[in-house]
Amino acid sequence: MFYYVLKYVILGPLLRLLFRPRIEGLEHIPEEGAAIVAGNHLSFSDHFLMPAIIKRRITFLAKAEYFTGPGLKGRLTAAFFHSAGQIPVDRSGKDAGQAAIREGLGVLSKGELLGIYPEGTRSHDGRLYKGKVGVAVMAIRAQVPVVPCAMVGTFEIQPPGKVVPRIKQVTIRFGEPMDFSRYAGMENQKAAIRAVTDEIMYAILGLSGQEYVDEYAAKVKAAQAEQTKKFPRLRR
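Residues numbered from 1 in each chain as written. Predicted model: local features only at pLDDT ≥ 70, side-chain atom pairs only at ≥ 80, totals over all residues. Heavy atoms only, no water.

### Overview of the overall build of the protein
Across its full length, the protein carries 8 helices and 9 strands. Here the C-alpha radius of gyration of the protein, 18 Å, is about what a compact globule of 236 residues would show, namely 18 Å. Dimensions of the protein, computed from C-alpha atoms along their principal axes, come out at roughly 50 × 45 × 35 Å. Across the 236 residues in the protein, those meeting the buried criterion constitute 47%. Taking all contacts inside the protein whose residues are at least 6 apart in sequence as the whole, residues at least 24 apart take part in 79%. Just so you have it, the protein exposes about 12,400 Å², and 56% of that area is on carbon and sulfur atoms. Computed over 33 positive and 22 negative side-chain charges, the inter-centroid distance for the protein is 9 Å. (Helix = DSSP H or I, 4+ residues; strand = E, 2+ residues; numbered from the N terminus. Rg over C-alpha atoms; globule rule 2.2 N^0.38 Å. Buried < 20%, exposed > 50% of the residue type's maximum accessible area, 1.4 Å probe, protein only. Contact = heavy atoms within 4.5 Å. Areas by Shrake-Rupley, 256 points an atom, 1.4 Å probe, with all protein chains shown as cover. Lys, Arg positive; Asp, Glu negative; His and termini not counted. Charge placed at Lys NZ, Arg CZ, Asp CG, Glu CD.)

### Quick word on the sheet that holds strand β1 (residues 22–24)
Strand order across the open sheet formed by 7 strands is β1-β8-β7-β2-β5-β3-β4, with mixed pairing between neighbours. For this open sheet the edge positions go to β1 and β4 (86–89), each flanked by a neighbour on one side alone. Adjacent strand axes in the sheet meet at a mean angle of 25 degrees when their direction is disregarded. This element, helix α7 (residues 190–208), spans β2 (35–39), β7 (146–152) and β8 (171–174) of the sheet and lies at about 35 degrees to β7. (Pairing = 2+ DSSP bridges. Axes fitted to C-alpha atoms, helices over the stretch in contact; angles between N-to-C directions.)

### Re the packing of helix α5 (residues 134–142) against α7
In the contact formed by α5 and α7, the axes pass within 8 Å of each other and the chain directions differ by 105 degrees. Classified by the interaxial angle, the pair formed by α5 and α7 is roughly perpendicular. Contact residues: Val-135, Ala-136, Val-137 and Ile-140 in α5; Ile-193, Val-196, Thr-197 and Ile-200 in α7. Within the contact of α5 with α7, the residues separate by chemical class into 7 nonpolar, 1 polar and no charged. (Parallel < 35°, antiparallel > 145°, perpendicular 65-115°, else oblique. Nonpolar A, V, L, I, M, F, W, Y, C, P; charged D, E, K, R; others polar.)

### Section: the nonpolar core
Ranked by internal contacts, the top residues of the largest apolar core, which has 32 residues, are Ile-36, Leu-108, Met-138, Val-146, Phe-180 and Ile-200. Per-element accounting of this core gives the leading share, 7 residues, to α7. Not counting residues within four places of it along the chain, the set of residues in contact with Leu-108 comprises Ala-34, Ala-35, Ile-36, Leu-114, Met-138, Ala-142 and Val-144. Membership of the second largest hydrophobic core comes to 27 residues, among which are Leu-15, Ala-35, Val-37 and Ile-172. (Core = buried A, V, L, I, M, F, W, Y, C linked by side-chain atoms within 4.5 Å.)

### Considering the pattern of salt bridges
Tallied over the full model, the rule gives 6 salt bridges. Of the charged contacts, one joins Asp-125 and Arg-127 as a salt bridge, the two residues approaching to 2.9 Å between their closest N and O atoms. Overall, the relative accessible area of 29% leaves Asp-125 in the partly exposed class. Exposure remark for Arg-127: the relative accessible area of 24% places this residue in the partly exposed category. Residues participating in the shared-partner salt-bridge network are Asp-125, Arg-127 and Glu-211. (Salt bridge = Lys/Arg side-chain N within 4 Å of Asp/Glu carboxyl O.)

### Describing unusual backbone geometry
Generally, phi is negative for residues other than glycine and the peptide bonds are trans, each holding for most cases. In the Ramachandran plot, Arg-20 falls in the positive-phi region, its phi being about 40 degrees despite a non-glycine side chain. For Arg-20, the location among the structural elements is in the loop between α1 (2–19) and β1. For Arg-20, a relative accessible area of 46% corresponds to the partly exposed category. In this model, Gln-143 sits at a positive phi of 55 degrees, which is unusual for a non-glycine residue.

Pasting the structure below:
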């Protein structure tokens, strides 16, 4: 219930007023039935802007850290994300990917919309990074369409480290639903799920116009952090 109050009464109207999102291709979101909306991830604001303009309820897989913060602030944050339709996923450990897939398939089995960021983390520099294959496994196993989505301008309004976003118009683009039924039964084949994931990322790239990096964002972030430790002056 609170999800719809947040969407239509509190947060949704405010976001539309402040950021005046330009929406393209919204008709590609299925009016009913299960589907995956796969998008790029440039900003913390993405969590709220996309759901605010989609008519149907959409559930996202979110990192567990949003739900486990200490103190009153942590409890309020966790309550907010639960109310906003987010599902916590522990991204640590070797079974993290399987846990995310189980949660996602649970959402799809109910005939609902599942939102996912295949990059696995926010882009730290505005570029589009290699997608993780979980989105392909879910699309093939559940036999549901994937709608590519591009957030354009959200990196500029709220890059990493910026708490209060700038007030500026953003664009949200949706592409035509992608059908991967030809891969039925191949969700355990590495070549197949890599091909599906790359096809999804290429569709997102076509919508966003970003520069593409054929590496995982988390790996690039970790390498840069390690480099900064060794050479602190590089922070300047």
